Amino acid sequence: MRALEVVRPGALTTVQDQGRPGYAHLGVPRSGALDTAAYALANRLLGNPAQAAALETTLDGVALHALAPLTVAVTGAPCAVRVSGRPAAWGAPVRLPAGAELEVGRAESGLRSYVGVRGGLAVPPVLGSRSRDLLSGLGPDVLTAGMVLPVGPPGPDPVRGADELGVPGPPAELVLPLRPGPRADWFDPASLAALRHATYRVSPASNRIGLRTEAGPALARSRPGELPSEGMVLGAVQVPPDGLPVVFLADHPVTGGYPVVGVVPPGPALNAAAQARPGVPVRFVGAV
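Residues numbered from 1 in each chain as written. Predicted model: local features only at pLDDT ≥ 70, side-chain atom pairs only at ≥ 80, totals over all residues. Heavy atoms only, no water.

Student: Can you tell me about the sheet that holds strand 12 (residues 174-177), naming the residues and giving the values?
Tutor: Pairing between the strands of a sheet comes from backbone hydrogen bonds, and it takes one of two forms, parallel or antiparallel. A sheet is described by the order of its strands in space; here 8 strands give the open sequence 12-21-14-15-18-17-20-13, paired in mixed fashion. Every interior strand has two partners, whereas the edge strands, strand 12 and strand 13 (179-180), have only one. With 2 bridges connecting them, strand 14 (residues 200-202) and strand 15 (residues 210-214) associate as antiparallel partners. Across the sheet, Arg-201 pairs through a bridge with Glu-214, a residue of strand 15. (Pairing = 2+ DSSP bridges. Helix = DSSP H or I, 4+ residues; strand = E, 2+ residues; numbered from the N terminus.)

Structure below.
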């Protein structure tokens, strides 16, 4: 049986792939891996299809027992990797004999590591995706001890070392490009000017739904009242009543009633946001 058994699930480990875009009109979030570059690298290292499902860990890694000979790769946040107690490579294919235990350690920097397996995790898909969505509850359960994760048939031979230096490290400062609108006109011009020069911090309340900020200047509104709920996109920077920006990540709601001052476009900046720990400084740059 090509499968992995969960020995230690870690603080929050989920199955993720490229997500389920295209269902916002049904109220279904996109979901998917937060650090898309690190997730893609794990699959390239293993010769997997781009959409193959992998594990996304949070801070303290995961431990897995191989029920058959398998090949895995760990990317994302740098961490110690061990196979049955022996050191193994990070950012490269690693072979697991049947019965071996893979220990993915605590992130040395950054926040989220990705554990790919040759053949991909073959848990049942929901709406075309194997991603766990923390907001809607769709997809496979968050990992718990004793859970068995089936693995698909292997594809081409792994590519040893391919692109292993292609993923930037976790940020010492998170710089997020901000495209204005659609509701920038709801905010006081002085607040918008201050936003261009302000430094916030990543809040401990951040999660896969959104990166919350703290310790920076609150944005003051230029008009009273509230918006009717309207559509939200990945990277939308919503401003709740406390005035502190929230950057929507993969599990964000598809609608919301707080005004969106701008949008961080998908790409390297949002990948960096996936690896930003609480306390990391945050700046928004661009014309708002």
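There is more to say after this.
Student: Give me helix 1 (residues 36-46): which residues, what numbers.
Tutor: Listing the buried residues of helix 1 in full gives Ala-38, Tyr-39, Leu-41, Ala-42, Asn-43, Leu-45 and Leu-46. Tucked inside the fold, the buried residues of helix 1 contact strand 2 (14-16), strand 3 (54-56), strand 5 (70-76) and strand 10 (113-117). Gly-47 lies just past helix 1 and shows a positive phi near 70°. (Buried < 20%, exposed > 50% of the residue type's maximum accessible area, 1.4 Å probe, protein only. Contact = heavy atoms within 4.5 Å.)

Student: Please set out the sheet that holds strand 5 residue by residue, giving values where relevant.
Tutor: Judged by pairing direction, the sheet is antiparallel, and its 5 strands sit side by side in the order 2-3-10-5-8 without closing on themselves. Looking at the sheet topology across the chains shown, the edges are occupied by strand 2 and strand 8 (94-96). For this sheet, the mean angle separating the axes of adjacent strands, direction not counted, is 35°. Relative to strand 10, strand 5 runs antiparallel, the two being bridged by 5 bridges. Bridge pairing in strand 10 links Gly-76 to Ser-113. The sheet strands contacting helix 1 are strand 2, strand 3, strand 5 and strand 10, and the helix crosses strand 5 at an angle near 150°. (Axes fitted to C-alpha atoms, helices over the stretch in contact; angles between N-to-C directions.)

Student: I'd like to hear about the side chain of Glu-56, residue by residue, with values.
Tutor: Along the polypeptide, Glu-56 turns up in strand 3. A distance of 2.5 Å separates a polar atom in the side chain of Glu-56 from a polar atom in the side chain of Tyr-114. Setting aside residues no more than four positions away along its own chain, Glu-56 makes contact with Leu-12, Thr-13, Thr-14, Gln-16, Ala-33, Leu-34, Arg-112, Ser-113, Tyr-114 and Arg-208. (Polar contact = N/O pair within 3.5 Å; in protein donor to acceptor, adjacent residues only side chain to side chain.)

Student: An account of the environment of Asp-251 is requested, with residue identities and associated values reported.
Tutor: Considering the arrangement of structural elements, one finds Asp-251 in the loop between strand 18 (246-248) and strand 19 (255-256). Taking the relative accessible area as the measure of exposure, Asp-251 reaches 0% and is therefore buried. Through-space distance from the C-alpha of Asp-251 to that of Ile-209 is 4.4 Å; in sequence the pair is 42 residues apart. Every residue in contact with Asp-251, bar those within four places of it in the chain, is listed here: Pro-29, Ser-31, Arg-132, Asp-133, Leu-134, Leu-135, Arg-208 and Ile-209.

Student: I'd like a rundown of a nonpolar patch on the surface, residues and numbers included.
Tutor: Among the surface-exposed residues, Met-1, Leu-67 and Val-148 lie close enough to one another that they form a single nonpolar patch of about 280 Å² accessible area. Among the secondary structure elements, Leu-67 is positioned in the loop between strand 4 (62-66) and strand 5. Given a relative accessible area of 31%, Leu-67 falls into the partly exposed group. (Patch = residues over 30% accessible without salt bridge, like charges linked within 9 Å, V, L, I, M, F, W, Y side chains within 5 Å. Areas by Shrake-Rupley, 256 points an atom, 1.4 Å probe, with all protein chains shown as cover. Salt bridge = Lys/Arg side-chain N within 4 Å of Asp/Glu carboxyl O.)

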